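The chain contents come next:
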Amino acid sequence: MATETYSLEQFVADLDRITSRESAPAAITAEVAPLLGRLVRNPVAIPARFRGRAPDGGRGRFMLHRAPRFNVTSVVWRPGDRAAAHNHDTWGAIGVVDSEIEETRYRVASAPGGSAALAVRSVTRHGPGAISLLVPPDDEVHAMYNPTERDTVEIHVYGRDLYGLPRKTWAADGRVTSLVSPKYLNC
């Protein structure tokens, strides 16, 4: 029996269909999750040049598809790479292609002095094929960490283009700081 393949092009077409008729983040992510699962279980669907580090050896960030209602990127985390607690201001779905990633999810509450109290909601170590959903406004703040000795490759899908989008990060003491998303390597 032949193994079913699911391509990046099919995934993009499915995302276009879903986002053209649906705008609710929970409904979109519920439909996107199984499709992203199919995509990340077929690593060859992502061209090899988008599954490696940046030319300078840093974290790889590559735009795979940019559209008005969504974008698809690949992110390559080096061993030990971290991203502090941060928001996205949009719906999202993240799928692990190769290796593992540790994700800490937070609940955010206002605190005196304009800071925010972050309470850990969960810590999960995601392996290949795992999908994590970000559903605003109440469940879209997380931190990421590659605890392995290997590069971790992920596919990120967001309802907005994060490049240049001012977002929030949180320091360990709860101070809110600003983050401007970095540029993708192929744009």
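Everything discussed here concerns the structure shown above.
Here is a short report on the structure shown in this document. (Residues numbered from 1 in each chain as written. Predicted model: local features only at pLDDT ≥ 70, side-chain atom pairs only at ≥ 80, totals over all residues. Heavy atoms only, no water.)

**Points about the packing of aromatic side chains**
Spelled out, the test is: Centre distance within 6.5 Å is the pairing criterion for rings of Phe, Tyr and Trp, where only the six-membered ring of Trp is used; planes under 30 degrees apart are then read as stacked, over 60 as edge-to-face, and the remainder as tilted. Summary of the burial criterion: residues with accessible area below 20% of their type's maximum are buried, those above 50% are exposed, and those between are partly exposed, where the area comes from a 1.4 Å probe applied to protein chains only. Runs of H or I in DSSP of at least four residues are treated as helices and runs of E of at least two as strands, each being numbered from the N terminus.
The final tally for this structure, using the stated rule, is two aromatic pairs. With a centroid separation of 6.4 Å and an interplanar angle of 80°, the aromatic rings of Tyr6 and Phe11 are classed as edge-to-face. The residues Tyr6 and Phe11 share a single accessibility class, namely buried. Ring centres of Phe50 and Phe62 lie 5.5 Å apart, and the angle between their planes is 50°; this geometry places the pair in the tilted category. Here Phe50 is found in the loop between helix H2 (25–40) and strand S1 (60–66), whereas its partner Phe62 is found in strand S1, with twelve residues between them in sequence. With relative accessibility at 11%, the residue Phe50 sits in the buried group.

**Side note on the environment of Gly57**
Mapped onto the elements, Gly57 comes out in the loop between H2 and S1. Spatially, the C-alpha atoms of Gly57 and Arg78 are 8.8 Å apart, while their sequence positions differ by 21 residues.

**Things to note about the pairing of strand S2 (residues 71–77)**
Heads up, the rule is: Following DSSP output, two strands are said to pair if at least two bridges run between them.
Most of S2 is tucked away, with seven of its seven residues classed as buried. Burial along S2 is two-sided: the residues Asn71, Thr73, Val75 and Trp77 and Val72, Ser74 and Val76 are all buried. For S1 and S2, the ladder comprises six bridges, and the chain directions are antiparallel. Looking at S2, one finds that His65 is bridged to Val72. Counting the residues that bridge the hairpin from S1 to S2 gives four residues. Examined bridge by bridge, S2 and strand S9 (residues 152–158) share seven bridges and lie antiparallel to one another. The residue bridging Val76 from the neighbouring strand is Val153, located in S9.

**Focus on the sheet that holds strand S7 (residues 131–134)**
Going by this rule: All axes are obtained by fitting lines to C-alpha atoms, using only the stretch in contact for helices, and the reported angles, taken between N-to-C directions, cover 0 to 180 degrees. In this analysis, two residues are considered to be in contact whenever any of their non-hydrogen atoms come within 4.5 Å of each other.
Spatially, the five strands line up as an open sheet ordered S1-S2-S9-S4-S7, and their pairing is antiparallel. Of all the strands in the sheet, just S1 and S7 have a single pairing partner and so form its edges. Strand-to-strand twist of the sheet, defined as the mean angle between neighbouring strand axes without regard to direction, takes the value 20°. Pairing of strand S4 (residues 92–98) with S7 involves four bridges; the strand directions are antiparallel. Paired with Ala93 across the two strands is Leu133, which belongs to S7. Across the sheet, helix H1 (residues 8–21) touches S1, S2 and S9, and the angle it forms with S2 is around 130°. Across the face of the sheet, H2 comes into contact with S4, S7 and S9 while running at roughly 15° to S4.

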